Amino acid sequence: MLFPFLFHKKLIIMPLKTFLIMISTLHMISVGNSENSPAAPALYVFGDSLFDSGNNNLLPTLAKANFPPYGMNFERGATGRFTNGRTVVDFIAEFLGLPHSPPYLSLIRTLLRSEPLTGLNFASSSCGILPQTGSALGKCLNLAEQIGLFERAVKQDISRHFKTAGELSNYLSKSVFVISIGSNDYINNYLDTQRFDTSKRYSPLSFARLLMNNFSQQLERLYYLGARKVIIFEIGPIGCIPSSTRQVKHKGQCVDEINQLASMFNNHLAPMLQNLTFSLRGSAFILGHAHWLGYDAVINPSKYGLTDSSNACCVTWMNGTSACIPELGALACQEPNKHYFWDGYHLTEAVYKTIATHCFNGSSVCIPKNIKELVSEV
């Protein structure tokens with residue numbers, strides 16, 4: 001860099017005080033740029049419709065959200081996100097100082113020619129841990145397929161940006177991986193007794209164990225592909241979503257029997273992640289302990305600035321129990337940030353922001369470390 005007082009081979013003598021002020025200013029600019037650099041090199045996302053940012057747009061499935069009123073409060077409109085605005089992982093990306101992770105399928109033909117790569121989203125609506133989950137709605141990417149696509153991206157595309165295997169390994173080990181999956185294995189499989197006989201073949205406990213065994217295998221696979229900092233969210237209170245409360249007879253605000261299924265899964269998740277962290281060297285599998293927060297916001301909405309924790313904000317098919325009806329954004333609730341539910345299954349941006357904020361900075365959601373602590377480690 002040439003200082004502005006050196007030019008045309010002439011030396012301009014300036015007062016010492018002015019020179020020192022200029023040096024101080026340049027130093028502050030340098031420090032500011034350093035502080036504004038991302039806290040992690042990339043964010044990689046896996047899961048279902050809670051995290052899907054547009055992969056299902058390019059799949060032959062009924063599970064799509066690439067039309068208004070989805071995205072009515074998002075700067076880019078309807079992108080395929082199943083909410084009115086940003087998702088949990090969108091907020092996490094922003095907190096890390098990264099752009100939103102783009103859907104992998106939208107980039108598959110022109111992938112990763114720009115540098116640096118700051119993450120990808122592999123999440124797919126309606127899918128789950130088991131291969132058959134979500135199949136009734138069409139094609140989606142189950143967890144094994146998502147990790148398979150990540151493996152392809154690492155070997156064929158991401159590795160091209162690094163001169164050595166060591167550099168690639170360092171990049172992946174410092175990147176953040178976030179996963180939210182399992183809800184559909186209940187909603188679009190175990191509880192769907194018209195299409196699946198899963199509940200006849202497995203007790204609730206044996207089904208939770210089946211899911212956990214499959215999930216553990218895929219997380220190990222992700223580890224051996226280079227992931228080290230991984231956050232896995234619990235299944236939320238699916239017994240409180242409108243598609244459950246309006247179709248199943250129950251007492252109180254939620255269907256307790258369905259929430260108990262989610263809790264059984266979650267109770268197995270925590271020790272499984274602890275075991276992986278212990279057995280896989282250098283790994284940190286963080287539990288996204290968000291079920292309690294989601295339930296508390298349903299039962300005590302005013303604590304979180306909400307006024308409605310029972311009804312979908314958008315106009316949906318089947319009396320508020322399903323997806324939004326296209327192009328009826330004008331009939332959606334006037335203040336989505338005051339609502340818990342966006343449609344019959346998914347939450348509003350306001351609730352997602354609360355979850356992401358607690359996970360990033362707090363001590364009661366992402367444990368034993370929040371994301372800020374996780375990325376600060378070497």
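All of the points below concern the structure found in this document. Note that the coordinates shown come from a computational prediction; the quantities given were computed from them, not determined experimentally.

**Quick look at the pattern of salt bridges**
- Scanning the model with the defined rule gives 10 salt bridges in all.
- Of the charged contacts in the structure, one is a salt bridge between K139 and E145, with a shortest N-O distance of 2.7 Å.
- K139 gets classed as partly exposed once you look at its relative accessible area, which sits at 32%.
- Given a relative accessible area of 30%, E145 falls into the partly exposed group.

**A closer look at the side chain of D343**
- For D343, the location among the structural elements is in the loop between strand 9 (339–341) and helix 12 (349–361).
- Separated by 2.9 Å, the side chain of D343 and the backbone nitrogen of Y345 make a polar contact.
- A polar contact is formed between the side chain of D343 and the backbone nitrogen of H346, at a distance of 2.6 Å.
- Beyond its immediate chain neighbours, meaning those up to four positions away, D343 contacts Y70, P242, A312, C314, T316, S322, A323 and C324.

**Things to note about unusual backbone geometry**
- Between P68 and P69 the backbone carries a cis peptide bond, its omega angle lying at 10°.
- With respect to the helices and strands, the residue P69 is situated in the loop between strand 3 (43–47) and helix 2 (88–96).
- Each neighbour pair has its own omega, and for I367 with P368 the value is 10°, a cis peptide bond.
- Summarising the element assignment, P368 is placed in the loop between strand 10 (366–367) and helix 13 (371–376).
- A positive phi angle, near 80°, is found at S126, a position not held by glycine.
- Summarising the element assignment, S126 is placed in the loop between strand 4 (119–121) and helix 4 (143–156).

**A look at the sheet that holds strand 10**
- The six strands lie next to each other as 4-3-5-6-7-10, forming an open sheet whose pairing is mixed. In this open sheet, the two edge strands, each paired with only one partner strand, are strand 4 and strand 10.
- Pairing of strand 5 (residues 176–180) with strand 6 (residues 229–233) involves five bridges; the strand directions are parallel. Residue pairing for strand 6: V176 is matched across the bridge by K229.
- Sheet strands touched by helix 10 (residues 256–279): strand 6 and strand 7 (284–288). Its angle to strand 7, the strand with the most contacts, is close to 165°.

About the criteria used
- Residues numbered from 1 in each chain as written.
- Predicted model: local features only at pLDDT ≥ 70, side-chain atom pairs only at ≥ 80, totals over all residues.
- Heavy atoms only, no water.
- Salt bridge = Lys/Arg side-chain N within 4 Å of Asp/Glu carboxyl O.
- Buried < 20%, exposed > 50% of the residue type's maximum accessible area, 1.4 Å probe, protein only.
- Helix = DSSP H or I, 4+ residues; strand = E, 2+ residues; numbered from the N terminus.
- Polar contact = N/O pair within 3.5 Å; in protein donor to acceptor, adjacent residues only side chain to side chain.
- Contact = heavy atoms within 4.5 Å.
- Pairing = 2+ DSSP bridges.
- Axes fitted to C-alpha atoms, helices over the stretch in contact; angles between N-to-C directions.

Without other data, these values stay purely geometric and don't point to any function.
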